[in-house]
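Observations on the model geometry
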Amino acid sequence: MNIQIEALPDREVKLIVDVDQAQLDSKMREAARQEGKHLNIPGFRRGRAPYKQVLRAVGAERLMERALERMVPQLLADAIKEAEIEPYDLNAIESDLLSVEPLQLQFVVPLNPHVVLGDFSGLSVPAEDAMVDEAEVEETIETLRRQHAETVAVAGAAQVGDMVTYDRVGYLMDGSTVDEQSDLQSRLISEEDWEAMADAEDELDDEASADETERGDEEHEPWPPQQIDVALLGMMPNQVKEVPVVYPVSWHDKALAERTVLYRLTVTGIARSVLPEVNDDFVRRVVEDLDSVEALRDRIRTNFQMRADGREHDRRIEAIIDAIADMSEVEYPDAAVRNLVYFQINNIAKNLQPYGITLNRYMEITGQTLEDLEDAYWEEAEQGLVRSLIVRQYIEDYKVEATEAEIRRALADLHLEHGHEDVGVDDPNYIQSHYHQAVERVVSRKALSELYERVTGEPSPFREEIDEEAASKHAAAPTMDDAPIIALAPYDQGQPSSDVVAEAAPSEDETMAEGDAERAT
Amino acid sequence: MNNYQVILRPVVTEKSMDQAEWDNQYTFEVALRANKRQIKEAVEALFDVEVTNVRTMVMKGKTRRWGRNFYSKSDWKKAVVTLAEGDSIVEFEGV
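All of the points below concern the structure found in this document. (Residues numbered from 1 in each chain as written. Chains lettered and ligands numbered in written order. Predicted model: local features only at pLDDT ≥ 70, side-chain atom pairs only at ≥ 80, totals over all residues. Heavy atoms only, no water.)

**A word on the interface of chain A and chain B**
Applied cut-off: Throughout, a contact is declared for two residues whenever any of their heavy atoms are within 4.5 Å. Summed over both partners, the accessible area lost on bringing two parts together, with a 1.4 Å probe, is the buried area. Every case where a carboxyl oxygen of Asp or Glu lies within 4 Å of a side-chain nitrogen of Lys or Arg is listed as a salt bridge. Here a polar contact is taken to be a pair of N or O atoms separated by no more than 3.5 Å, where protein atoms must pair a possible hydrogen donor with a possible acceptor and residues adjacent in sequence count only if both atoms sit in side chains.
Chain A puts nine residues into the contact, and the matching count from chain B is seven residues. Buried area between chain A and chain B, summed over both chains or domains, comes out near 630 Å², and the portion from carbon and sulfur atoms is 51%. Linking chain A with chain B are two salt bridges, by the criterion used here. Across the pair Glu14 of chain B and Arg45 of chain A runs a salt bridge, and its minimum N-O distance is 2.6 Å. Put simply, chain A and chain B have two residue pairs in polar contact (both at pLDDT 80 or more) between them.

**Side note on the sheet that holds strand E2 (residues 25-30) of chain B**
The pairing of strands in a sheet happens through backbone hydrogen bonds and is either parallel or antiparallel. Residue and element names in this part refer to chain B. What counts here: A pair of strands is labelled paired if DSSP reports no fewer than 2 bridges between them. In DSSP terms, a helix is any run of H or I states spanning at least four residues, a strand is any run of E spanning at least two, and both are numbered starting from the N terminus. Comment: axis = line fitted to C-alpha atoms, over the contacting stretch for helices; angle = value between 0 and 180 degrees taken between N-to-C directions.
Taken in spatial order, the four strands of this open sheet run E1-E2-E6-E3, and their pairing is antiparallel. Bordering the open sheet on either side are strand E1 (7-10) and strand E3 (51-59), each of which pairs with just one other strand. Along the sheet, successive strands turn relative to each other by an average axial angle of 35 degrees, direction set aside. In terms of strand pairing, E3 meets strand E6 (residues 76-83) through eight bridges, oriented antiparallel. By the bridge assignment for E6, Arg55 is matched with Val80. Running over the sheet, helix H2 (residues 14-23) touches E2, E3 and E6 and is turned about 140 degrees from E2. Lying on the sheet, helix H3 (residues 36-47) is in contact with E1, E2, E3 and E6; it crosses E3 at an angle near 120 degrees.

**Examining the nonpolar core**
A general trend in soluble globular proteins is that nonpolar side chains are found buried together. Rules: Only buried residues count toward a nonpolar core, which is a set of Ala, Val, Leu, Ile, Met, Phe, Trp, Tyr and Cys residues joined through side-chain atoms within 4.5 Å. Exposure is judged per residue with a 1.4 Å probe applied to protein chains only, and the accessible area is read against the type maximum: over 50% gives exposed, under 20% gives buried, and values in between give partly exposed.
One finds Leu15 and Phe107 of chain A together with Phe28, Ile39 and Val43 of chain B to be the most contacted residues of the largest nonpolar core, which totals 55 residues. In terms of residue count, helix H3 (residues 60-83) of chain A provides more of this core than any other element does, 11 residues in total. When residues no more than four places from it in sequence are discounted, the contact partners of Ile39 of chain B are Val6, Ile7, Val30, Ala34, Val54, Thr56, Ala79 and Val81 of chain B. Counting 40 residues, the second largest nonpolar core, distinct from the first, contains Ile317, Ile321, Leu352 and Leu448 of chain A.

Worth remembering: the numbers are spatial, not functional.
What follows is the structure, encoded as structure tokens:
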């Protein structure tokens, strides 16, 4: 076996292997023996046909394929040993058949990432103001008011936002009844909201473009439920009104499509939400341990400030790592990024599973190909990989280690987070299967804290988390859930750590006003 | 009959391959009307070898059924040719 070694950019090596003909022949004969065991060749018992008979029966191509399947792993292992290289991931090695006679194979082997940290002793990442916007505080109070609004019956005309209770009877032009319902409830919404809803539905529609063409003429015709709601606007309790509603061609009930139905609407009640006044009573009702509006504002402001501080810390640590990456030598193969990308894509598939949607169906719905998904996640994965490599190198260079007590605590945290009710935290099997993850968690937290402290000269909030005793005293300190998102992919396994899961998983929707209000209070 | 009308095809089975390998005996399907002398001459001429012995046998055609009708396949003649020591039929090994 003769090997030519060629270094490629981006931590890859090309190995061209010339295989001896004798070696190939021997493997072909071995493959023929195996194939012959499943062949019925007239005149021979199974597995007894001579090589040339089997070759004639199955074809040289198939025998060669089988022979290569047997040879390649050993050839590759030998080539890697002879070339004295350490592959990043054996599964990511690309192999090609360059020629059959003489047999020549090519392997492109991704190598382990290579990182040399730059000198970051003079690095400075200034802090930015993490001020709480007073408008956010007021918005939270407004949300609390909406959550605790009281509903009162109204004697006047129905307005947008009111809940109208009504009976309705629908007649066709020939006098037949098509719809008769009582005690229906409808919260009246504005025309803009109806349009926004229609737009959102169009976006969700599989064949949105085709549908738009189909409904092109009806764009100005409000949807039937909207026509009824518009008619309800301004009606008084016990008032009766008749309104003609035109059903579009594409209406799902074909009996009504393209027909006009005359609806008789009878309003039986109108309820309106009345927002409570913001005063000390309101505060006492909403938050048990507070008794004044100012105290409520302070609480909301403090909580927002904590979150802002957490975000600022995350921003700073990420900026530190990115700045170190810029001044360091970081080389990695594409396969390392691709591993992270596919980890994220698999995660999407896993998240879709409970809804009975396969990844293929998801791609059909969103009109994306696998390549599109790969492109979409590539940049993010690459950034995560670089950050993880920098942290990992820091851990190695500065010999960051975990103590047994820290590992025990991390194991307990993991046990709590993953809800392993069926197995105890002291169970040897549990410890064995989660030990590596716990160590990873401890050392990466310690490394992040150290980096933060070295560069900023300020104590890291993570430090409190690491210190067992301090952690129990400071329950309100920022939790690791607010930690910067950093992918920690061990080189040797080519698998991302659980922190990548946090990155890939949908983050908490900070924009949801109700959730915000609850958290802020 | 020319040589190609005498020797029809090699018989390639596990047994015939073993005989060729171990006993230097090669098996052919030959014309039903061919006699041992013709077979010997044909093999010697076609493969450039020396034949020391020829054994022949008529193989009875097997009975087959097609629906409710039975018919019989044709009888055929098999010849086992022993070659002189040192001779071999390379073409036979290639089948």
